[in-house]
Amino acid sequence: MVLPLVLAFQLAAERPAVFHALKGQTVASAPRIDTTITIDGRLDKPVWRRAAILTGFSEYAPVDQRPAPDSTDVLVWYSPTALYFGIRAYEPHGIVRATLADRDKITNDDNVEFHIDTFREGRKAVVFIVNPLGVQADGTKNEGGGFMPGANVAPGQNDLSADFQWESKGRLTEYGYEVEIRIPFSSLRYPEAREHRWGLQIDRHTQHNGYEETWTPARKASASFIAQEGELRGITGITHGQVLELNPELTDAIAGNPPTTGTAWSYTSKAQLGGNVKWGIGSNFVLNGTIKPDFSQVEADATQIATDARFALFYPEKRPFFVEGSELFNVPNTLVYTRRIAQPDAAVKLTGKIGQNDVAVLSALDAGSTTPNGERPLVDIVRLQRDIGLQSTAGLLYSDRVGGGRDNTVGSGDVHITFGKMYFAQFQAVMSSTTMGGTTSTGPMWEAVVDRTGRAFGFHYNVLGIHPDFQTDNGFVARTGVIQPGIANRYSWYGAPGGFLERFNVFLRTLGTWDYNDFLAGRHVLEENAQANMQFTLRGGWNVNFNPAVGSYAFDSAAYAGVRTATSSGVAVPFVPLGRQSNSLMNLSISTPQYPRFAASVGTTFGNDIDFFEASAVHRTDYSASLDLRPDDRLRVSATYVSSSFTRQSDGARNFSTRIPRLKIEYQLARPLFVRVVSQYTANVQQPLLDPSTGRTLLVSNGSGGFAPSTSQVANTLRADFLISYRPNPGTVVFVGYGNSLTESDPLAFQRLRRTTDGFFVKLSYLFRGVGAAD
């Protein structure tokens, strides 16, 4: 019912914008003031009257090239050791959204982002974000390369995995809010220069209307958001200093062991002492080292539903040693995936910039991948990237993992070329060599991309090829042995100011998948699918999505090498799926704005699909829902529910289902201190796999070289975790936690729950940080 209503509104296509209302700044000179102040969130100190004023913000999203409805003034000055910002954000339209949240958890608050491009590359920036109370989020933004495992984000999105040392404090006012910020120069990387001219963009997010507003008038019709930054001039005589950080860590994990006899559990303790060291070499290089690092602060991975046997699951990297400087290891197609380094005994990393060249080197001895003969693999990764003009780059990668009777080496080259204001092209060529058991196999991977980012029309065309013998032990490739050309076109329409419909996007995508050798031989396509993703952004911050998709699939018999089927006489023979099957799915979702006390979303996917585990046609039904509650500025309650079910079309039997409700409650006792309880129930049912052509039970590998009939698998698991976290600054933490898992026979009955695992953990770490005089 929403769709006819939305389409009834007249949509404005792309046309030259008349933009007389804005006179936004693009250049600002920061005054030098040789003083220091206490950061208390008040801008009434005399020094702020001498600061430069940055104003004239314009709307960027959902519609660009319009004056911002909310006024923002940003004050800036610097001392020899730090950069200072002050924010006066006016909010005459509604309640300011602000909570006393944990670090990096302020997306749903009103917030202001500072993007600082110290090298004036126009493609990378460090990001500092504050909410109205001064709660911090920070990280990096990188528009080059590919998917970034540091925070599971795509190019151009904020990667909040890195943490910097800086100060901020804010307060609500009668007119809105104001925030005071101090960023030490020792927390930034920048080139040596007599006068520094840094790229700067300020990006304000207002929750009452869902708008994004920028200091310089950024436009949608551009291949780069960062390149539309302004310039901060006049920075001279600053001091970075030699930064040395020592971060010892003490952890103790106490694991519970179920009783073998009687009812008493036994517990074993595993205390470990480790630590990290960081040395800032000048103003643009950092050397990191770690010995037996502890990663207990990493939250458990969010559950993913594995409904497609053709793809491996990807989990983002969250471990602090690896995420710092991870943007310099960013390579198209995730050739660097540091979660492959499971648990290093020791590791060292050097990252920085020499002239126009980015340098990143990582070496680790991986105890978590110890082989049966006790040998620990040695991992080495080297990434070099050179700037070519503004925004264009060329890069090289060398990666190897050696030890345990297996050696894997990967070498690659890539180039990213931006031309005009709206276009870029990207090319990559990779070769891998793997030696195991005296046999060496080699295989290439390659990709070509061309992209246009226009205001009303854009496209992304690419072709990716991955040889069957291509392997990357230090990277992540979900699927090999395929060639995939893809075509994606985007059309955007914008509503009139104040209209019900603010923006309508439709993405039309088609993707073909060929077996690698079949494509080169000109044979038939293995898979093809098409989808239309329609996004409606409505006044007030509502979002509605309609996403129909259709596809046609043949089956790669090599993917079923570990499956057998029985003949009528009971003889086991290889299982070979026959013919092609098609699917047709519809996805619908709607999300509310971020109201002062809650936000919610619901979604569903339904239609005809394919169960690739048994190559059968099924009816698919998925549901999802989320509810975020904020009863006050300290309490956060998040509830989610996802489910998926397959019903065979041949016999009407439900052969797969999963239901996952999750509840997270956090209470922020103070800015550095919170308590959290997370509970998640996972109910899975997988019926025996059947041969769709005969109805007989499929035989699967039993792990000993033989085959056995597949059986039903039922798992009902309730996981609960409790955590007290005290983190006054990055590196100094006290974590105390407890978690357990329970199981029961009936799904979601919450009766006769039986404990299967539990454990306690404690972590203590302290950051010793010294900033000495530069040579």
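Reference entry: report on the structure contained in this document. This one's a predicted model, so the numbers in the text were calculated from it and none came from an experiment.

1. Thoughts on the sheet that holds strand β2 (residues 52-54)
So, step 1. Here five strands make up an open sheet; going across it, the order is β2-β5-β6-β12-β11 and the pairing antiparallel. Two strands bound the open sheet, and with one partner strand each, they are β2 and β11 (167-172). Ignoring strand direction, the axes of neighbouring strands in this sheet form an average angle of 15°.
So, step 2. Bridge analysis of strand β6 (residues 82-90) against strand β12 (residues 176-184) gives nine bridges, and the strand direction is antiparallel. Counterpart to isoleucine 87 in the pairing with β12 is valine 179.

2. Details of the sheet that holds strand β32 (residues 572-574)
So, step 1. Taken together, the four strands give an open sheet; going across it, the order is β32-β31-β39-β40, and neighbouring strands pair in antiparallel fashion. In this open sheet, the two edge strands, each paired with only one partner strand, are β32 and β40 (707-709). Ignoring which end each strand starts from, the neighbouring axes of this sheet average 40° apart.

3. A few points about the environment of aspartate 632
So, step 1. Along the chain, aspartate 632 falls in the loop between β35 (616-629) and β36 (635-648).
So, step 2. By relative accessible area, aspartate 632 is classed as partly exposed at 30%.
So, step 3. Spatially, the C-alpha atoms of aspartate 632 and glycine 122 are 40 Å apart, while their sequence positions differ by 510 residues.
So, step 4. From its side chain, aspartate 632 meets the backbone nitrogen of leucine 635 in a polar contact 2.8 Å long.

4. So, the packing of aromatic side chains
Aromatic rings in a pair are described by how distant their centres are and how their planes are angled relative to each other.
So, step 1. Counted by the stated rule, this structure contains 31 aromatic pairs.
So, step 2. Ring geometry for tyrosine 423 and phenylalanine 459: centres 6.3 Å apart, planes at 55°, overall tilted. Residue tyrosine 423 is found in strand β24 (residues 423-436), and its partner phenylalanine 459 is found in strand β26 (residues 457-466); the two are separated by 36 residues along the sequence.
So, step 3. Look at tyrosine 553 and phenylalanine 612: their rings are 5.5 Å apart centre to centre, the planes differ by 80°, and that puts the pair in the edge-to-face class. Here the residue tyrosine 553 occupies a position in strand β30 (residues 542-553), and phenylalanine 612 occupies one in the loop between β34 (598-611) and β35, the gap between them amounting to 59 residues.
So, step 4. For tyrosine 553, a relative accessible area of 8% corresponds to the buried category.
So, step 5. With a relative accessible area of 6%, phenylalanine 612 lands in the buried category.
So, step 6. Counting every residue linked through ring pairs, the aromatic cluster contains Phe419, Tyr423, Phe457, Phe459, Tyr461, Tyr491, Trp493, Phe504, Phe536 and Phe546.
So, step 7. When the ring centre of phenylalanine 321 is taken as reference, the NZ or CZ atom of lysine 349 above it lies at 4.9 Å.

5. Topic: the pairing of β12
So, step 1. β12 sits mainly inside the fold: nine of its nine residues count as buried.
So, step 2. Pairing analysis gives six bridges linking β11 to β12, with the strands arranged antiparallel. By the bridge assignment for β12, serine 168 is matched with isoleucine 181.
So, step 3. The loop that links β11 with its antiparallel partner β12 comprises three residues.

Cut-offs applied
- Residues numbered from 1 in each chain as written.
- Predicted model: local features only at pLDDT ≥ 70, side-chain atom pairs only at ≥ 80, totals over all residues.
- Heavy atoms only, no water.
- Pairing = 2+ DSSP bridges.
- Helix = DSSP H or I, 4+ residues; strand = E, 2+ residues; numbered from the N terminus.
- Axes fitted to C-alpha atoms, helices over the stretch in contact; angles between N-to-C directions.
- Buried < 20%, exposed > 50% of the residue type's maximum accessible area, 1.4 Å probe, protein only.
- Polar contact = N/O pair within 3.5 Å; in protein donor to acceptor, adjacent residues only side chain to side chain.
- Phe/Tyr/Trp six-rings, centres within 6.5 Å; stacked < 30°, edge-to-face > 60°.
- Lys NZ or Arg CZ within 6 Å of the ring centre and 35° of its normal.

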